[in-house]
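Structural characterization, general
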Amino acid sequence: MNLGNCPRCGKLYALNFRDVCSNCIKEIELEYQTCVEYLRENKGTNIQELSDATEVSIKNITKFIREGRISIENAPNMMYPCEVCGTLIREGHMCDSCRNRLTKDLAGAAREVGQKDNGSIGGRTYNAVDKLRDL
């Protein structure tokens, strides 16, 4: 039996598929049910109002949305924060501007690595050929 400390409450527990202890699983399920019930009664709410009314953290509500447990398709005001800058978004983990910046940075880094590799590989190849001629 594998044991670990629950990241939510710190108690020792038998590791399971949820990576939290059974007491915390029950608490998470209660938080989820509370959110769902509030959303049924208040369809136009946003994530801050939901968090304030249910006392469930925005982080946990965002997790429910990302897991697909809470649908935001029919909730036009429901958005959650971008993981990078905190701008409110409706899908994914990053807003468009952070995603574009990351793509641009990665492309630039790939170009730099490609330029370094091309120059040094070519130089080594010619050095090896030159050494063979000297023999």
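Residues numbered from 1 in each chain as written. Predicted model: local features only at pLDDT ≥ 70, side-chain atom pairs only at ≥ 80, totals over all residues. Heavy atoms only, no water.

Per an unreviewed UniProt entry, the chain goes by Flagellar protein and derives from Paenibacillus xylanivorans.

This next bit is on the confidence of the model for the chain. In this model, the chain carries an average pLDDT of 85, and 86% of its residues clear a pLDDT of 70 or more. Ranking the elements of the chain by mean pLDDT puts helix 4 (residues 96–134) last, at 72, and helix 2 (residues 47–54) first, at 95. (pLDDT = per-residue confidence, 0-100. Helix = DSSP H or I, 4+ residues; strand = E, 2+ residues; numbered from the N terminus.)

Moving on to the nonpolar core. Where a protein is soluble and globular, its nonpolar side chains tend to be buried together. Residues Cys35, Ile61, Phe64, Ile65, Ile70 and Met78 are the most contacted members of the largest nonpolar core, which totals 26 residues. For this core, the secondary-structure elements that each account for two or more residues are helix 1 (22–41), helix 2 and helix 3 (58–66). Examining the composition of this core, we find that 7 residues originate from one element, helix 1, more than from any other. (Core = buried A, V, L, I, M, F, W, Y, C linked by side-chain atoms within 4.5 Å. Buried < 20%, exposed > 50% of the residue type's maximum accessible area, 1.4 Å probe, protein only.)

The set of residues buried in helix 2 consists of Ile47, Leu50, Ser51 and Thr54. Mapping the buried residues of helix 2 onto a view down its axis gives an arc of 95 degrees, with all of them on the same face. Residues of helix 2 that are buried make contact with helix 1, helix 3 and strand 3 (80–81). (Arc of directions from axis to C-beta. Contact = heavy atoms within 4.5 Å.)

Another aspect to go through is the layout of surface pockets. For the largest pocket, the calculated volume is near 400 Å³. Lining the largest pocket are 17 residues, and of these Arg8, Lys59, Asn60, Lys63 and Glu67 sit closest to its centre. Counting residues per element, the lining of the largest pocket draws most heavily on helix 3, at 7 residues. In this structure, the second largest pocket spans a volume of roughly 250 Å³. Looking at the second largest pocket, it is lined by 13 residues, and the ones nearest its centre are Leu39, Arg40, Lys43, Ser71 and Ala75. For the lining of the second largest pocket, the per-class residue count stands at 7 nonpolar, 2 polar and 4 charged. (1 Å grid on protein atoms, 1.4 Å probe; cavity = no way out; pocket = protein on both sides within 12 Å on 5 of 7 lines; lining within 4 Å. Points joined across faces, edges and corners; volume = space filled by probe spheres on them. Nonpolar A, V, L, I, M, F, W, Y, C, P; charged D, E, K, R; others polar.)

Applying the stated rule across the entire model yields 1 aromatic pair. Arginine 69 extends its terminal NZ or CZ atom over the ring of tyrosine 32, reaching a point 4.1 Å from the ring centre. (Phe/Tyr/Trp six-rings, centres within 6.5 Å; stacked < 30°, edge-to-face > 60°. Lys NZ or Arg CZ within 6 Å of the ring centre and 35° of its normal.)

Attention shifts here to the state of the cysteines. Here the structure, examined in full by the defined rule, presents 0 disulfides. The thiol of cysteine 6 is unpaired, and the distance to the nearest cysteine sulfur, on cysteine 24, comes to 3.7 Å. Relative accessible area serves as the criterion here: at 3%, cysteine 6 is assigned to the buried category. Between cysteine 21, a cysteine without a disulfide, and cysteine 24, which holds the nearest cysteine sulfur, the sulfur-to-sulfur distance is 3.6 Å. (Disulfide = S-S within 2.5 Å.)

Here we come to the packing of helix 1 against helix 2. Packing of helix 1 against helix 2 leaves a shortest axis separation of 10 Å and a crossing angle of 120 degrees. Here helix 1 lies oblique to helix 2, going by the angle between them. Crossing of helix 1 against helix 2: the hand is right-handed. Here helix 1 contributes Thr34, Cys35, Tyr38 and Leu39 to the contact with helix 2, which in turn contributes Glu49, Leu50, Ala53 and Thr54. The residue inventory of the contact of helix 1 with helix 2, partitioned by class, reads 5 nonpolar, 2 polar and 1 charged. (Axes fitted to C-alpha atoms, helices over the stretch in contact; angles between N-to-C directions. Parallel < 35°, antiparallel > 145°, perpendicular 65-115°, else oblique. Left-handed = near helix turned anticlockwise from the far one by under 90°.)

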